[in-house]
Amino acid sequence: MSFPKYEEYRDSGDELLGIVPANWNVVRLKRIIAAVESGTSVNATDDPAGENEIGVLKTSAVYTGEFRASENKKVDVNELDRVSCPLKPSSLIVSRMNTPDLIGAAGYVEHAPSNLYLPDRLWQVTFNGSLTKFVHYWTLTSSYRHQVKASCTGTSSSMKNLTQEQFGRFQLTAPPLEEQQAIASFLDAETAKIDALVAEQRRLIELLQEKRQAVISHAVTKGLDPHVRMKPSGIEWLGDVPEHWEVVKLKLLTQIGNGSTPDRKNAHYWDNGIYPWLNSSVVNQSEVTKADQFVTQVALDECHLPKITPPAVLVGITGQGRTRGMATILQFEATINQHLAYLKPRENRTSVSYIHRFFQKAYWNIREESDGTGSTKGAITCGQLEKLKMPLPPNAEQRDIIEYLDTSIAKIELLSEEAERAITLLQERRTALISAAVTGKIDVRQFACLETS
């Protein structure tokens, strides 16, 4: 849809804003601010506050550019008398202290739960003579982000601070109030449509990922022949497997081991290192083809560091995050830290590709079994991996399964990539539409009337 322009424009005097409709003003933010409030830093749990409990907002409440009341923490009972600045409806919540990408993030409060309060790192801003929702849409434009960035340069800290004086100096367009309302109403309707389309694409991606997992799971446990005779595997999460398959412990099929992290303070281990050393973040890749850290020969000799020749499977074995249980394929010679295990096939009974696909099937089961207590909580041991049983087809059938999965998953990933591209285009359109509307590059007043009629 194309939108008309205003009949007459004038130079705004601001390089970022360019021309603006002739009847619009360009003002400093401080001219329309009624009040800027902030709360108090208090001790709170990681859990959100219940309906009858007092909560303090997290700075993440505005990370997405929208206000999310669910992003709060329950205040410690001993701190209840210290909370201040209750949340108000029709206000703008602004992150005044944060990382460079998130400083200045803002969200519009439409409904304010009465049990929520502000911390010291968030502002609650109210306005005179301007519609808060219109100002919120302005905070989603490149003009606003540019001014935030320009104000927060010059400090070496990864955390940036935005002062009220800097915030008040920001310039924005200020149409007549009735026109602000029309623009906000138009953007409410149009962004809702775009957001619904984005949600559809995200759901499609979720369904494709579910299909991907189902295809892998079925292929490595049931095979490709729908008429094959089955037998119990003896393992609950595997279920029945083809009658002619074996079910074999991994220690009989692979060599398994892990590595270590040489002492960072020992220069002999790290300075001028030439041998690739990997940490557990590599399991987020489908395959590992390079390293960004290197150790010395002294480290290899003294620090229980295996030399792993490719190809091999690497598995994340520690932590509460998603990497525990994830697997990838190593494509070059390297060594690893203690948070990774490697699996190297013995003889010719199976392949790295087949083991990798099996671990994609086994991910959640491995995590459940490693969710122990005490010192082993959130950890998979090499001993557990050795005892893990894998359904094993004949070699020719393994090759057929891998070929089938490579083809099938490539098609699924292509569809996922198309959905991701659609999301990117929709989000770009959303941003461009907001910017054009709040800076007067397009005239949406008649469309706002259509939306509300």
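Placed above this text is the structure.
Residues numbered from 1 in each chain as written. Predicted model: local features only at pLDDT ≥ 70, side-chain atom pairs only at ≥ 80, totals over all residues. Heavy atoms only, no water.

On to the overall build of the chain, then. Assigned secondary structure in the chain consists of 11 helices and 25 strands. For 453 residues, the compact-globule formula gives about 22 Å, and the C-alpha radius of gyration of the chain, at 29 Å, lies well above that figure. Principal-axis analysis of the C-alpha atoms gives the chain an extent of 80 × 55 × 50 Å. Expressed as a percentage of its 453 residues, the buried residues of the chain come to 48%. Of all intrachain contacts in the chain linking residues separated by at least 6 positions in sequence, the fraction that spans at least 24 positions is 74%. (Helix = DSSP H or I, 4+ residues; strand = E, 2+ residues; numbered from the N terminus. Rg over C-alpha atoms; globule rule 2.2 N^0.38 Å. Buried < 20%, exposed > 50% of the residue type's maximum accessible area, 1.4 Å probe, protein only. Contact = heavy atoms within 4.5 Å.)

On to the layout of surface pockets, then. What the largest pocket holds in volume is close to 670 Å³. Forming the walls of the largest pocket are 23 residues, and the residues nearest its centre are R212, M326, A327, H356 and Q360. For the lining of the largest pocket, the elements supplying multiple residues, two or more each, are helix 4 (177-222), strand 22 (327-330), helix 8 (352-370) and helix 10 (395-438). Of all the elements, helix 8 adds the most residues to the lining of the largest pocket, at seven residues. Class assignment of the residues belonging to the lining of the largest pocket gives a composition of eight nonpolar, nine polar and six charged. The wall of the second largest pocket is formed by 21 residues, among which T64, G65, E66, L140 and R430 lie closest to the centre. Put simply, the parts of the chain that give the lining of the second largest pocket at least two residues each are helix 2 (142-151) and helix 10. Residue composition of the lining of the second largest pocket, by class: eight nonpolar, eight polar and five charged. (1 Å grid on protein atoms, 1.4 Å probe; cavity = no way out; pocket = protein on both sides within 12 Å on 5 of 7 lines; lining within 4 Å. Points joined across faces, edges and corners; volume = space filled by probe spheres on them. Nonpolar A, V, L, I, M, F, W, Y, C, P; charged D, E, K, R; others polar.)

Turning our attention to a positive patch on the surface. A cluster of basic residues, K249, K251, K387 and K389, forms a positive patch at the surface. Tracing the backbone shows K387 in helix 9 (residues 382-387). The class for K387 is exposed, based on a relative accessible area of 60%. (Patch = residues over 30% accessible without salt bridge, like charges linked within 9 Å, V, L, I, M, F, W, Y side chains within 5 Å. Areas by Shrake-Rupley, 256 points an atom, 1.4 Å probe, with all protein chains shown as cover. Salt bridge = Lys/Arg side-chain N within 4 Å of Asp/Glu carboxyl O. Lys, Arg positive; Asp, Glu negative; His and termini not counted. Charge placed at Lys NZ, Arg CZ, Asp CG, Glu CD.)

What follows is about the side chain of S151. On the secondary structure map, S151 appears in helix 2. The class for S151 is buried, based on a relative accessible area of 18%. Ignoring any residue separated from it by four or fewer positions in sequence, one finds S151 in contact with L162, Q166 and F170.

This next bit is on helix 8. Taking 1.5 Å per residue as the helical rise, helix 8 with its 19 residues ought to reach 27 Å, whereas the 23 Å between its terminal C-alpha atoms falls clearly short. At A362, helix 8 shows its strongest bend, of approximately 60°. Counting buried residues along helix 8, 15 of its 19 residues qualify, which places the element largely inside the surrounding structure. (Expected span 1.5 Å × (residues − 1). Bend = angle between axes of the 7 residues up to and from the residue.)

Now for the sheet that holds strand 6 (residues 72-74). Here three strands make up an open sheet; going across it, the order is 6-5-10 and the pairing mixed. Strands with a single pairing partner mark the edges of an open sheet, and in this sheet they are strand 6 and strand 10 (116-117). In terms of strand pairing, strand 5 (residues 55-57) meets strand 10 through two bridges, oriented parallel. Bridge pairing in strand 10 places G55 opposite L116. (Pairing = 2+ DSSP bridges.)

For the structure on display, the rule yields zero disulfides. Looking at C382, it has no disulfide partner, and the nearest cysteine sulfur is the one in C303, 17 Å off. (Disulfide = S-S within 2.5 Å.)

The next subject is the sheet that holds strand 18 (residues 275-278). Here three strands make up an open sheet; going across it, the order is 20-18-23 and the pairing mixed. Looking at which strands have only one partner, the edges of the open sheet turn out to be strand 20 (294-295) and strand 23 (335-336). Bridge count for strand 18 against strand 23 is two bridges, and the pairing is parallel. Residue pairing in the sheet places L278 in a bridge with I336 of strand 23.

By size, the foremost hydrophobic cluster in this structure holds 39 residues, and its most contacted members are L343, F358, F359, M390 and L405. No other element matches helix 8, which puts seven residues into this core. With near-sequence residues (within four places) excluded, L405 lies in contact with V215, I216, A219, V220, R357 and A410. Core analysis: the second largest hydrophobic core is formed by 23 residues, F3, Y6, F186 and I205 among them. (Core = buried A, V, L, I, M, F, W, Y, C linked by side-chain atoms within 4.5 Å.)

Glancing now at unusual backbone geometry. Residue P311 follows P310 across a cis peptide bond; omega there is -5°. Positionally, P311 belongs in the loop between helix 7 (297-302) and strand 21 (312-316). The phi torsion at C85 lies on the positive side, around 60°, for a residue other than glycine. At E347, a residue that is not glycine, the phi angle is positive and equals roughly 50°. Counting through the fold element by element, E347 comes out in the loop between strand 24 (340-345) and helix 8.

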